[in-house]
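Survey of secondary and tertiary structure
Next come the chains, spelled out residue by residue.
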2 protein chains.
Amino acid sequence: MTPAAPAAAGRALPHPARDEIRLEGVLHALSDPMRLRIVRELAADRGELSCSDFDLPVTKSTTTHHFRVLRESGVIRQTYRGTAKMNGLRDDDLDDLFPGLLDSLLAAAARQAARLGR
Amino acid sequence: MTPAAPAAAGRALPHPARDEIRLEGVLHALSDPMRLRIVRELAADRGELSCSDFDLPVTKSTTTHHFRVLRESGVIRQTYRGTAKMNGLRDDDLDDLFPGLLDSLLAAAARQAARLGR
DNA sequence: TCCATTGTACGAGGACCTTCGTAGTTTGAC
DNA sequence: GTCAAACTACGAAGGTCCTCGTACAATGGA
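A few points on the structure. (Residues numbered from 1 in each chain as written. Chains lettered and ligands numbered in written order. Predicted model: local features only at pLDDT ≥ 70, side-chain atom pairs only at ≥ 80, totals over all residues. Heavy atoms only, no water.)

1. Some points on the environment of His28(A)
Test applied: Strands here mean DSSP runs of E at least two residues long; helices mean DSSP runs of H or I at least four residues long; both are numbered from the N terminus. Categorising residues by exposure relies on relative accessible area from a 1.4 Å probe, with only protein chains included: less than 20% of the type maximum marks a residue as buried, more than 50% marks it as exposed, and the intermediate range marks it as partly exposed. The contact criterion used is simple: two residues touch if any of their non-hydrogen atoms lie within 4.5 Å.
Checked against the element boundaries, His28(A) lands in helix H1 (residues 23-30). Relative accessible area serves as the criterion here: at 40%, His28(A) is assigned to the partly exposed category. Taking the C-alpha atoms as reference points, His28(A) and Val69(A), separated by 41 residues in sequence, lie 9.3 Å from one another. Residue contacts for His28(A): discarding those within four places in its chain leaves Arg35(A) and Ser31(B).

2. Some words on the pattern of salt bridges
Residue and element names in this part refer to chain A. This is how it is decided: Salt bridges, as used here, are contacts in which a Lys or Arg side-chain nitrogen is within 4 Å of a carboxyl oxygen on Asp or Glu.
Enumeration over the complete set of coordinates arrives at 16 salt bridges over all chains. Of the charged contacts, one joins Glu41 and Arg37 as a salt bridge, the two residues approaching to 3.8 Å between their closest N and O atoms. In this pair, Glu41 and Arg37 are both assigned in helix H2 (residues 33-45), four residues apart and thus about one turn of the helix distant. Taking the relative accessible area as the measure of exposure, Glu41 reaches 27% and is therefore partly exposed.

3. A look at the nonpolar core
Convention followed: As used here, the term nonpolar core means buried Ala, Val, Leu, Ile, Met, Phe, Trp, Tyr and Cys residues forming a set that is joined through side-chain atoms within 4.5 Å.
Formed by 60 residues in total, the largest nonpolar core has its most connected members in Leu30(A), Val75(A), Leu30(B) and Val75(B). Apart from residues no more than four positions distant in its own chain, Leu30(B) is found in contact with Leu27(A), Leu36(B), Val39(B), Leu70(B), Val75(B) and Leu105(B).

4. Describing the sheet that holds strand S2 (residues 76-81) of chain A
Residue and element names in this part refer to chain A. Selection criterion: Only when DSSP finds a minimum of two bridges between them are two strands counted as paired.
Spatial strand order, S1-S3-S2: three strands in an open sheet with antiparallel pairing. Looking along the sheet, the strands with just one partner apiece sit at the ends: strand S1 (49-50) and S2. The pairing of S2 with strand S3 (residues 84-89) spans six bridges and is classified as antiparallel. Residue pairing for S3: Ile76 is matched across the bridge by Leu89.

5. Observations concerning the relation of the copies chain A and chain B
The second copy of the chain is related to the first by a rotation about an axis and a shift along the axis. Put simply, the test is: For the least-squares superposition of copies, only C-alpha atoms count, and only for residues with pLDDT at least 70 in both.
Superposing chain A onto chain B requires a rotation of 180 degrees together with a translation of 0.0 Å along the rotation axis, leaving an RMSD of 0.0 Å. The transformation relating the two chain copies, once decomposed into turn and shift, fits a two-fold axis. Same-surface contact between copies: 100% of interface residues of chain A are shared with the interface of chain B.

6. A closer look at the protein's contact with DNA strand D
This is how it is decided: Here a residue counts as near a molecule or strand whenever at least one of its heavy atoms sits within 4 Å of it. Between N or O atoms, a polar contact is any pair within 3.5 Å; within protein, one atom must be a potential hydrogen donor and the other a potential acceptor, and residues adjacent in sequence are included only when both atoms are from side chains. In this classification, the charged set is Asp, Glu, Lys and Arg, the nonpolar set is Ala, Val, Leu, Ile, Met, Phe, Trp, Tyr, Cys and Pro, and all remaining amino acids, among them Gly, are polar.
What surrounds DNA strand D is a group of 24 residues, the closest being Arg35(A), Ser61(A), His66(A), Thr64(B) and Lys85(B). Residue Thr62(A) places a side-chain N or O atom 3.0 Å away from a phosphate oxygen belonging to DNA strand D. Side-chain polar atom of Ser61(B) to a base nitrogen of DNA strand D: 3.0 Å apart, as the coordinates give it. Elements supplying a minimum of two residues to the surface near DNA strand D: helix H3 (60-72) of chain A together with helix H3 (60-72) and strand S3 (84-89) of chain B. Split into classes, the residues belonging to the surface near DNA strand D amount to four nonpolar, 14 polar and six charged.

7. Structural notes on the protein's contact with DNA strand C
Around DNA strand C, 22 residues are found, and the nearest of them are Thr64(A), Lys85(A), Arg35(B), Ser61(B) and His66(B). Put simply, 67% of the atoms of DNA strand C that lie within 4 Å of the protein are in sugar or phosphate. Within the side chain of Ser61(A), an N or O atom sits 3.0 Å from a base nitrogen of DNA strand C. For the surface near DNA strand C, the secondary-structure elements that each account for two or more residues are H3 and S3 of chain A together with H3 of chain B. When the residues that make up the surface near DNA strand C are grouped by side-chain class, the tally is four nonpolar, twelve polar and six charged.

8. Some points on the interface of chain A and chain B
By convention, interface size is frequently given as the accessible area that disappears when the constituent parts associate. Chain A puts 25 residues into the contact, and the matching count from chain B is 25 residues. Counting the contacts that link chain A with chain B gives eleven residue pairs in polar contact (both at pLDDT 80 or more). Mapped by element, the contributors of at least two residues to the side of chain A that touches chain B are H1, H2, helix H4 (91-97) and helix H5 (101-115) of chain A. Looking at which element gives the most residues to the side of chain A that touches chain B, the answer is H5(A), with eight residues. Here the side of chain A that touches chain B is composed, by residue class, of 14 nonpolar, five polar and six charged.

9. A word on the side chain of Ser73(A)
All names here are of chain A. Relative to the helices and strands, Ser73 resides in the loop between H3 and S2. When its relative accessible area of 10% is taken as the criterion, Ser73 is described as buried. The residues contacting Ser73, other than those within four sequence positions of it, are Pro16, Ile21, Gly25, Val26 and Ala29.

Structure below.
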């Protein structure tokens, strides 16, 4: 009880509309090593992963923070499924706004990971 | 007189070697609107521009700061020519490290500039 | 109902970033 | 030698960012 406000199906999460996604915001989101790593795993696993599927060297609080930055910049989409929160790349929106950019970024990240020792 | 250290032809500026350029650093450098603008003009004018060729809405101090961030991240190359400091994209190094990335980024920036009112 | 799982909110610490003003350095021209 | 032009160095103010710890909320199952 005490739905307080929206309720409906589960909890709602604020996502920017496609038109509101800014290149600068996307670049800033991906300029952090932890977030770039998250996005790479998300692209590799090609589908939805829960936050706890990631084994990041930071606390849960920090993990939540990074996922929120990625969501608010328009890089990922988050939805609740039970107690879990599923994450997926917004590749459809990004490809529409900036064709080829996401692929170039992922390729660049993969190349750098291969060049350095993973 | 009193060359103190290197001297040689004019003043030397510290640039990262190609192998030292990091994707995260490049993305961070380009995530600032002022710097993205500088890089776009540099790519459009296809050649070397002096710092004073830009008409940025910030002071000279701030302009110097942004050019340094771009240089230290490996995005541009800076050389002195008389009292002027010439700036050029390091597209050769960037294309070698991350093939196609710079073009994708410039295309994305152009697309966003066209979508919004310039 | 009780509980374990999953993730959030809030605040704090410390680092970094953007911007500015002022004073100084280097260069080329007169 | 003197001077203007172009840029730098330094320090400061104000903001943002990343990280954490602790306490809390929502869900699904025993």
